[in-house]
Each structure stands twice: as C-alpha cells, then as structure tokens.
Amino acid sequence: MDLVTPLGDEVLDLVAGDRVTLSGVVYTARDEAHLRMMQDGIPFDPVGAVVYHCGPVIAGDRVVAAGPTTSARMNRLSGFLLDAGVRALIGKGGMDATVTEQLRGRGVYLAFTGGCAALAAARMRLEGVSFPELGMAEAVWAIRLDRLPLVVGIDSHGRNLFTGVQARAEEAAGRP
Amino acid sequence: MDPSLSLRIADATARAFARAVTTLPPDVEAALAKALDAETDPVARGELENILENIELARRSGLPLCQDTGVPVVYVTLPPSVPLEQGLYAAVADGVRRATTAVPLRPNVVDPLTRHNSGDNTGEGMPAVHVRPGDRLSVTVLPKGAGAENMSRVEMLLPSEVARIPEVVVRCVLEAGARPCPPVVLGVGIGGTFDLAAALAKEALLEPIDAMDPFETSLCEAVNRLGLGPMGLGGATTALAVKVRRAACHTASLPVAVNVQCWANRHATEYVEVA
C-alpha cells in the first residue's frame, strides 16, 4: 500500500508484516524532542501526523543522512503523541507492549531498515525545523518523504512482528 | 617523527575513514547479496533490498552509509625502518579530525562521565590506536557504531565449559534482538585474558567474511537457527558470518568475547610510502 500523510483510518487496515511506502511530511523526534513536546506542546498539527525516530545529519537545507534510531528509547514517551492524533511512528527495532496497546485501534509502528541513511536521504526533502536549539540530532525536523519503503512492525490490532519473531527465537534457542 | 611522514599518516587515516564509511568491503556486500538470494521471506527480502540499494547510493554519492559513523578504532603496522614514536598517535588523531570535517563524520566522541562532546571525534584514549610490526606502513580503520557495540560481551567461562561457547555466542545475539541492526557479523575472541579476548574479537571483524572454518560455520548456523533475520523482522540470515580468533590462556580460565557488528561491517586500509 502507498500511504500519504496526513494518515486516516486506512492505517487500521494494515497488518503487521505488510510492506508499504510512505509519502508526505513526517516529523523527526528523539528523546529530547519528546520531552520538550510534552512540556511545551507539539509544534505541528498532530492529527494524522507521522513521527520519525531519527537524528539526521543536515547540511544547510539538505538532508545528508537520515536513518532510523532505536525506537525502544521512546517506549515511555510516545503515549501523548498518539493521544493527540498521531497515526504512525517510524523507527527501528520495534517498541514494547505499552506502545502496542496505545496503538490499538489508532495507529501503526512502521519499521525502516537500520543503517540505511543514504537511501533515506535520497527520498527526503527538508521542509522546516522546530526546536532548533536542541541541536541537529535532537531537533524536530519537518521532512517530506517520497515513497519511503517501510514494513508494518506493529499494527492497530495488537500484532507485533518483533515480539513474535523474538519469541520464536527464544524457543529455537531453548531447543537442543 | 618526520613532519612529512606524520602528514602522510594523517592523510592516509583521513582517506581510510572516508572510504570506510562510504564504501563497504566487497566481501561484505557479496555476503549481503548472497543472503538476499537465499531469502524467501518477503519482509526479510525487502530489508536486504533496502540495504543493498543504500550501499549503492552511498558509494555513488560519496555520503556515509549510516549516520552513525562510529568511534575511530585504528590498526597501524610499522615497517622496520619506522620507529614507534608518540608522533604516530598525534598523526592518526589529526587524520580523524580531518575526516570528521571533510567526509563529514558525525561527532560521536564524548567524555564518558560529563558526556561533553569534543566535536572532532577525538578525546582521551580516542582514537583507539593499535600498533604492531609489519612489512609496510599501513593504516586500517574500523569505525564502530554504538548500536552493535553496545550488544557485545565478555564472559569468563570455566575451563570445563568449552562446550558452552556456542551458547554464549547464540545468547548474545538472541538477547540483542533487533538492536544491533542484523544481519550481523560476529567477531569472537576465545582465550587470552579478559581484555585480550575482547581485542581478538574486534580484530576478527577485520578478516574477510567470505570464508569460514568448520567451527565458525557451526557457530554461524546456530545463530541463524534463531530466525531473527534482517532487522529482527524474521528471516533466514541473522548473521552473515562468524569469525573466531584464539589465544592461549591460563589453565584455570576460558575467556570468551563476542564483538557484535551490524551489517555495515566497515573497514578500510591505506598504505603510506616510507622514503
């Protein structure tokens, strides 16, 4: 499926393991940006918005490198975004049971391939920035995507691809 | 050290970093392509396709493969005609600073306690420089990203626990899950001391990964039976390769170190002509 921001109820039809592309504006946020948004408010319209766990390298008005960071660091920091209407989180490595529950009936977690900073940058255009004082890696950058290839890691029905794979791996490790 | 030699060493260091962070060694790219050929899971195939496209784009554009351009680990060999002097370390650090501006590399190096970032990827004990004698003056760089490095471990097994070595390797990868950006390359150091095992594990990552001995193959197969797959999303290839290095050890100990490396198994060597 080709998704375009702002997202709506089409995300409810996605199933963990679906491969999708995403186009339109997304907002980068790491640990510091989440804390700042909780305190000072979300600096973009959160309804249907997409948050990308990413600390990009920006040069002037150009996105140089923008691969995903580890989403698990935001496990305790994402509820307020989903409560405000955010429909999708993008990152790598998956998120925990709390976020899986928070996504239920509302949105999805989309996995982007870790380390693919050059691929990401080739499909991105910089549109703006909020909280620039947090520094390059932690600021909230508005970035326009052109068909970024993603996988549905957690769907809106409680299915979490990562925890399923991890459970099967635990089982395999226990076998002689 | 002769100023022109230290300049050439700094140049070689900067060139090696530029190449390492933008271009993967051919054996690593070939291993990823082979993993894609062997993969039937559509999600895993998609991840490997993204990785291979990313490698191609980075090579063509001269931009870093990954925004985590790592901390600088450097291996130098000195020929008999070049004595080991303090100036060597300064020259390598100078090369790191130059690469940080020129490539650019992300400034990743901070004070361990204050977390103050030096801004130029150098600091106390950084770059980590390892020197040994050789035929030529060579500078090999291994930019080490944090995601995989943080999942590495050293275990001090009992001498009676040789049979537990595969379990140590497999549990390391299992507990790391998606975090080190699999498919990984594993450097395993067996024997020596607590610190030597870790050093051997890291050096093992410099070895070509297109060949494994039967022990390495058996470890690699055990890891791949986990089915974690690319990015922990499931699939046939969790590890591209396992490389083992050994050292003799105390009769009462059996150190085992596992250095985890993400798919971007970056390293590059440059040579310096010695007049």
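Remember, it's a predicted structure, so these values are computed and weren't measured experimentally. (Residues numbered from 1 in each chain as written. Chains lettered and ligands numbered in written order. Predicted model: local features only at pLDDT ≥ 70, side-chain atom pairs only at ≥ 80, totals over all residues. Heavy atoms only, no water.)

Novice: I tried to follow the pattern of salt bridges on my own but got confused; where do I start?
Specialist: If the charged atoms of two oppositely charged side chains come close together, the side chains can form a pair. The full count for this structure, using the stated rule, is 37 salt bridges over all chains. The residue Lys 144 of chain B makes a salt bridge to Glu 149 of chain B at a minimum N-O spacing of 2.9 Å. A salt bridge links Lys 202 of chain B to Glu 149 of chain B; the nearest nitrogen and oxygen atoms lie 2.7 Å apart. Of this pair, Lys 202 of chain B sits in helix α7 (residues 194-204) while Glu 149 of chain B sits in helix α5 (residues 146-149), placing them 53 residues apart in sequence. In the salt-bridge network here, residues are joined through shared partners; they are Glu 170 of chain A together with Arg 153, Glu 155, Glu 161, Arg 164, Glu 167, Arg 171 and Glu 175 of chain B. (Salt bridge = Lys/Arg side-chain N within 4 Å of Asp/Glu carboxyl O. Helix = DSSP H or I, 4+ residues; strand = E, 2+ residues; numbered from the N terminus.)

Novice: Teacher, can you tell me more about the packing of aromatic side chains here?
Specialist: Note on aromatic pairs: each is described by the distance of the centres and the angle between the planes. Within this structure, the stated rule accounts for 2 aromatic pairs over all chains. Measuring from centroid to centroid gives 3.9 Å for Tyr 27 of chain A and Phe 44 of chain A, while their planes differ by 5°, and the two rings are stacked. Of the two residues, Tyr 27 of chain A sits in strand β2 (residues 19-28) while Phe 44 of chain A sits in the loop between α1 (31-40) and β3 (50-52), which places them 17 residues apart along the sequence. The pair Tyr 27 of chain A / Phe 44 of chain A is uniform in exposure class, with both members buried. Taking 6.1 Å as the distance between ring centres and 70° as the angle between the ring planes, the aromatic pair formed by Tyr 109 of chain A and Phe 162 of chain A counts as edge-to-face. In this pair, Tyr 109 of chain A is assigned in strand β7 (residues 108-111) and Phe 162 of chain A in helix α5 (residues 161-174), connecting sequence segments 53 residues apart. Neither Tyr 109 of chain A nor Phe 162 of chain A differs from the other in exposure class; each is buried. We note Arg 136 of chain B situated over the ring of Tyr 271 of chain B; from NZ or CZ to the ring centre the distance is 4.2 Å. (Phe/Tyr/Trp six-rings, centres within 6.5 Å; stacked < 30°, edge-to-face > 60°. Buried < 20%, exposed > 50% of the residue type's maximum accessible area, 1.4 Å probe, protein only. Lys NZ or Arg CZ within 6 Å of the ring centre and 35° of its normal.)

Novice: I tried to follow the sheet that holds strand β8 (residues 268-272) of chain B on my own but got confused; where do I start?
Specialist: Strand pairing in a sheet relies on backbone hydrogen bonds, with the paired strands running either antiparallel or parallel. Residue and element names in this part refer to chain B. The 4 strands lie next to each other as β2-β1-β3-β8, forming an open sheet whose pairing is mixed. At either margin of the open sheet sits one strand with a lone partner, and together these are β2 (128-133) and β8. The mean inter-strand angle of the sheet, taken between neighbouring strand axes irrespective of direction, is 20°. Two strands pair when backbone bridges link them, and strand β1 (residues 71-78) and strand β3 (residues 137-144) are joined in this way by 7 bridges, in the antiparallel orientation. Each bridged residue has a counterpart across the sheet, and for Val 74 the counterpart in β3 is Val 141. Contacts from helix α4 (residues 86-102) reach β1 and β2 within the one sheet, and its direction differs from that of β1 by about 135°. (Pairing = 2+ DSSP bridges. Axes fitted to C-alpha atoms, helices over the stretch in contact; angles between N-to-C directions. Contact = heavy atoms within 4.5 Å.)

Novice: I keep staring at the interface of chain A and chain B and nothing clicks. Help me out?
Specialist: Interfaces are often sized by the amount of accessible area the parts lose when they come together. Taken together, the contact between chain A and chain B spans 35 residues of the former and 33 residues of the latter. The contact between chain A and chain B buries some 2,600 Å² in all, and 63% of this surface belongs to carbon and sulfur atoms. Taken together, chain A and chain B are joined by 3 salt bridges. Glu 170 of chain A is the partner of Arg 171 of chain B in a salt bridge, and the nearest nitrogen-oxygen pair spans 3.7 Å. Taken together, the connections running from chain A to chain B amount to 14 residue pairs in polar contact (both at pLDDT 80 or more). Ranked by the residues each element gives to the side of chain A that touches chain B, the list is headed by α5 of chain A, at 8 residues. Grouping the constituent residues of the side of chain A that touches chain B by class yields 20 nonpolar, 9 polar and 6 charged. (Buried area = accessible area lost by both parts, 1.4 Å probe. Polar contact = N/O pair within 3.5 Å; in protein donor to acceptor, adjacent residues only side chain to side chain. Nonpolar A, V, L, I, M, F, W, Y, C, P; charged D, E, K, R; others polar.)

Novice: Before we go on, may I ask you to explain the sheet that holds strand β7 (residues 254-261) of chain B in this structure?
Specialist: Residue and element names in this part refer to chain B. Strand order in the open sheet formed by 4 strands is β4-β7-β5-β6, with mixed pairing between adjacent strands. Among the strands making up the open sheet, the edge pair consists of β4 (153-157) and β6 (239-247). For this sheet the average axis-to-axis angle between neighbouring strands, irrespective of direction, equals 15°. With 8 bridges connecting them, strand β5 (residues 184-191) and β6 associate as parallel partners. Within β6, the residue paired with Leu 186 across the bridge is Val 242. The sheet strands contacting helix α8 (residues 214-224) are β5 and β6, and the helix crosses β6 at an angle near 135°.

Novice: Can you walk me through the domain arrangement of chain B in this structure?
Specialist: All names here are of chain B. Domain assignment breaks chain B into domain 1 (3-25 + 63-145 + 266-272) and domain 2 (147-261). Summarising the inter-unit geometry, the C-alpha centres of domain 1 and domain 2 are found 25 Å apart. Here domain 1 packs against domain 2, burying approximately 840 Å² in sum over the two surfaces, 55% of which is carbon and sulfur. Inspection of the domain 1/domain 2 interface yields 2 salt bridges. Ionic pairing is found between Glu 203 and Arg 132, a salt bridge with its closest N-O pair at 3.1 Å. Counting across the interface, domain 1 meets domain 2 through 4 residue pairs in polar contact (both at pLDDT 80 or more). At the level of elements, β1 and β3 are the ones that each hand at least two residues to the side of domain 1 that touches domain 2. Take the side of domain 1 that touches domain 2: its biggest share by element is 3 residues, from β3. (Domains from an automatic or database assignment.)

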